[in-house]
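Structural description and commentary
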Amino acid sequence: MANNEMLSKIENGQGFIAALDQSGGSTPKALAGYGIGADSFNNDDEMFGLIHKMRSRIITSPSFGNGKVIGAILFEKTMNGDAGGKPVPEALWDRGVVPFLKVDKGLQDEENGVQLMKPIDDLDEQCKHAVSKGVFGTKMRSVINKANAKGIADIVEQQFAFGKQILGHGLVPIIEPEVNIKSDERAECDALLLAELTKHLDALADDQRVMLKLSIPVEANLYKPLVDHPKVIRLVALSGGYSTDDACAELAKNEGMIASFSRGLLQDLRVSLSDEEFDAVLGRAIDQIYRASIA
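Okay, so let's go over this structure. (Residues numbered from 1 in each chain as written. Predicted model: local features only at pLDDT ≥ 70, side-chain atom pairs only at ≥ 80, totals over all residues. Heavy atoms only, no water.)

Looking only at helices and strands, the protein chain features twelve helices and eleven strands. For 295 residues, the compact-globule formula gives about 19 Å, and the C-alpha radius of gyration of the protein chain, at 18 Å, lands near that figure. In the protein chain, which comprises 295 residues, the proportion classed as buried is 53%. Total accessible area on the protein chain is roughly 12300 Å²; 48% of this is exposed by carbon and sulfur atoms. (Helix = DSSP H or I, 4+ residues; strand = E, 2+ residues; numbered from the N terminus. Rg over C-alpha atoms; globule rule 2.2 N^0.38 Å. Buried < 20%, exposed > 50% of the residue type's maximum accessible area, 1.4 Å probe, protein only. Areas by Shrake-Rupley, 256 points an atom, 1.4 Å probe, with all protein chains shown as cover.)

See the structure below:
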């Protein structure tokens with residue numbers, strides 16, 4: 001079964017996961033970084049069409065299929081689109097890249113130092129559709145700004161509640177409670193988060209396993225117990241606003257943690273590059289992130 005092959009690739013593969021899941025709010029910034037200004041589109045459909053072209057160019061570039069990218073997180077419109085004449089999840093898996101779907105609907109206003117996810121009323125429908133498209137897992141993000149014990153407990157509880165719903169569809173959830181790297185309480189947030197995650201992981205049923213996507217901790221290897229936890233398939237790191245160089249330098253200090261970068265992967269790509277130049281720039285970023293992930 002492809003699912004077992006995908007599980008093996010994610011659990012044991014040498015490499016990292018590309019985050020290609022910018023949604024409506026973050027797409028204009030991603031396009032601007034790529035060299036496409038807001039004056040280049042008139043509505044959301046045109047905007048999403050442009051970002052899909054960018055993502056398709058990435059997915060079909062030779063360097064993206066060189067074995068160093070083991071997974072890719074997709075926005076729903078990307079999952080439903082084509083790349084190189086094939087449905088995107090199929091195109092990815094043909095290149096040895098395991099597809100994931102972003103399922104969250106964005107963030108609520110801050111309360112108790114955290115931003116919970118907005119309700120995901122269509123989560124069951126999203127999961128069924130993702131399964132039909134050959135997707136392996138999902139991703140959902142919430143944000144921790146302050147070392148508030150109640151807030152962090154609430155954020156982890158919500159993540160695992162949705163995670164169990166996703167597991168019920170045969171998908172693997174990536175649980176992502178991001179610690180804001182600009183927080184002046186980062187180290188305290190990291191410690192509280194580790195305790196809450198461990199508690200919820202310990203309570204999972206025998207047949208339930210998840211992935212975690214976390215900010216790189218202030219204290220190197222703080223999350224090593226999560227890397228080694230039997231309920232964790234893989235621990236991946238978000239770049240969180242770091243430059244590629246800084247994110248890779250910090251990640252390399254953490255044994256067993258691999259990258260799942262968005263900005264860190266895309267920051268030097270431009271629409272004006274020739275296909276050869278584009279692939280060379282992408283390849284350099286992939287090589288750099290790969291080295292940090294296997295350090």
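With that settled, consider unusual backbone geometry. Backbone phi values are negative for most residues with the exception of glycine, while trans is the configuration of most peptide bonds. Notably, Asn112 is not glycine yet its phi reads approximately 55°, a positive angle. Here Asn112 lies in the loop between strand E5 (98-102) and strand E6 (114-115). For Asn221, which is not a glycine, the phi torsion comes out positive at approximately 65°. Position of Asn221 relative to the elements: it lies in the loop between strand E9 (210-215) and helix H9 (224-227).

Over its 17 residues, helix H3 (residues 44-60) runs 24 Å from end to end, which matches the ideal 24 Å to within 8%, given 1.5 Å per residue. The complete set of buried residues in H3 reads Met47, Phe48, Ile51, His52, Met54, Arg55, Ser56, Arg57, Ile58 and Ile59. Where H3 begins, one side-chain oxygen reaches toward the backbone nitrogen of Asp45, 3.2 Å away; that side chain belongs to Asn43. (Expected span 1.5 Å × (residues − 1). Polar contact = N/O pair within 3.5 Å; in protein donor to acceptor, adjacent residues only side chain to side chain.)

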